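Each chain, written out:
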Amino acid sequence: MTPYWKDKTFCYAPFNQIYFGRDGVVKPCCAATNSFGNYNYSSIENVYNSNSAKRTRQDFLEGNYPKNNCQSCSSFYNQTGSIHNVQMFSNENAYKAMHYSKQVMNADLTDQKPIFVDLLVSNNCNFACLGCESELSSTWAKNYTDIEIQRDLDIRHTNISGEWNNDIDPIIEYILEHADTIQSIHCNGGEPFMQEQYYKLFDVLIDNKIFDIHITSHTNGSVSTYKGKDIVNDYLSKFTNFDITFSHDHFGKRGTYIRYPLVEEKWLKNYKKTVNTQWQMPMAMGSSVMTNLIDTKDGFAWRTKISWLTRNA
Ligand code: SF4
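What comes next concerns the included structure.

**Brief notes about the overall build of the chain**
Counting its regular elements, the chain contains 15 helices and twelve strands. Looking at the chain as a whole, 37% of its 313 residues are labelled buried. Taking the intrachain contacts of the chain between residues at least 6 apart in sequence as the baseline, contacts between residues at least 24 apart amount to 66%.

See the structure below:
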């Protein structure tokens, strides 16, 4: 049999990654089309070793894309002959930690060694960006679901959501139990820095002196403190390795239109402060939505100038 790690279409995510989504859903990654189960009804260990999870892993071990999952990646491969970028990202993570990745090559994972935790804990967010939706923004959920339905008509499946919050306690327990193998935690949002679950997680990691897990996150740049504490100085800078991406689509009125209700001065102030208070540089970047494509060159020039000026101030 060909060693599975040499199969072009093999994916490590169901073996050593874990994704937590809305309302307790557990999947191998954000692109997976089916869940392994829900941690509101069973322990995370059990969910990650559910029949659905075992079937997904068994199919990969036999050299196939799973029949019960992963249609996004298998369709992409069938149509293009290339590996989907989420699958590529998952495999790159696994290559970087191959000593753990090789240890978990069974469909039945009684001994779990997660290396990457992808977290979504709430849709709490003070913005309603043009390309976003109620599932990922409480501002969309509270105010604009009628617009969301109209916007998505005939374009994509609309998944209208109310405000939601996941229980972080079982996730924190799982992370503590596997802190020796976890290399990286992605704190996703909403606006992650408005979400109390993440501060609970950071407090526990700091109290347990677990500083070497790579924390990655992103922000809309509108918040710099939480309950009187400085997000960078009091939380993130405790970790030896963290990255924050400052989302940005455009400057001026166009910027506020795309990422509503962006206040450019506040974004700039928080961006500069973050750059000046830690050694890993956050990156200003645009997410392509149709409204900024027509002006991509100016937006790129603005971001390049701000990045350069801030780093050389
Ligand atoms: S094949 Fe794609 S959808 Fe399936 S686990 Fe890997 S990255 Fe996720």
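**Some details on the site of the ligand**
Of all residues adjacent to the ligand, which total 15 residues, the nearest are Cys11, Ala13, Cys29, Cys70 and Cys73. Of all the elements in the fold, those that place two or more residues in the shell around the ligand are helix H1 (13–16), helix H4 (71–80) and helix H5 (85–96). The dominant element in the shell around the ligand, judged by the number of residues it contributes, is H5, at three residues. Taken together, the residues that form the shell around the ligand break down as ten nonpolar, five polar and no charged.

**Some points on helix H3 (residues 51–61)**
Listed in full, the buried residues belonging to H3 are Ala53, Thr56, Arg57 and Phe60. Projected onto a plane normal to the axis of H3, the buried residues spread over an arc of 90 degrees and lie on a single side. Elements in contact with the buried residues of H3: H1 and helix H2 (44–48). After H3 finishes, the residue glycine 63 shows a positive phi value of roughly 90 degrees.

**Some points on the pairing of strand E4 (residues 116–120)**
When you tally the buried positions in E4, you get five out of five residues, the bulk of the element. Residue alternation in E4 divides its side chains into two sets, Phe116, Asp118 and Leu120 and Val117 and Leu119, and both sets are buried. Bridging between E4 and strand E6 (residues 184–188) involves five bridges; their strand directions are parallel. Residue pairing for E6: leucine 120 is matched across the bridge by asparagine 188.

**What to know about the nonpolar core**
Grouped together as the largest cluster of nonpolar side chains are 63 residues, with contacts concentrated most on Phe20, Val26, Tyr48, Val117 and Leu119. When sequence neighbours within four positions are dropped, the list of residues in contact with valine 117 reads Ile18, Ile175, Ile182 and Ile185.

**Observations regarding the environment of glutamine 197**
Structurally, glutamine 197 is set in helix H10 (residues 196–207). Residue glutamine 197 is classed as buried on the basis of its 20 C-beta neighbours within 10 Å. When the C-alpha atoms of glutamine 197 and serine 122 are compared, they prove to be 8.3 Å apart, with 75 residues separating the residues in sequence. When residues no more than four places from it in sequence are discounted, the contact partners of glutamine 197 are Val121, Ser122, Asn166 and Ile168.

**Here's the deal with the environment of aspartate 152**
Turning to its location among the elements, aspartate 152 is positioned in helix H8 (residues 145–152). A tally of 14 C-beta atoms within 10 Å means that aspartate 152 is categorised as partly exposed. C-alpha separation for the pair aspartate 152 and glutamate 133, spaced 19 residues apart in sequence, amounts to 9.9 Å.

About the criteria used
- Residues numbered from 1 in each chain as written.
- Predicted model: local features only at pLDDT ≥ 70, side-chain atom pairs only at ≥ 80, totals over all residues.
- Helix = DSSP H or I, 4+ residues; strand = E, 2+ residues; numbered from the N terminus.
- Buried ≥ 20, exposed ≤ 12 C-beta atoms within 10 Å, placed from the backbone.
- Contact = placed C-beta atoms within 7 Å.
- Near = placed C-beta within 6 Å.
- Nonpolar A, V, L, I, M, F, W, Y, C, P; charged D, E, K, R; others polar.
- Arc of directions from axis to C-beta.
- Pairing = 2+ DSSP bridges.
- Core = buried A, V, L, I, M, F, W, Y, C linked by C-beta atoms within 7 Å.

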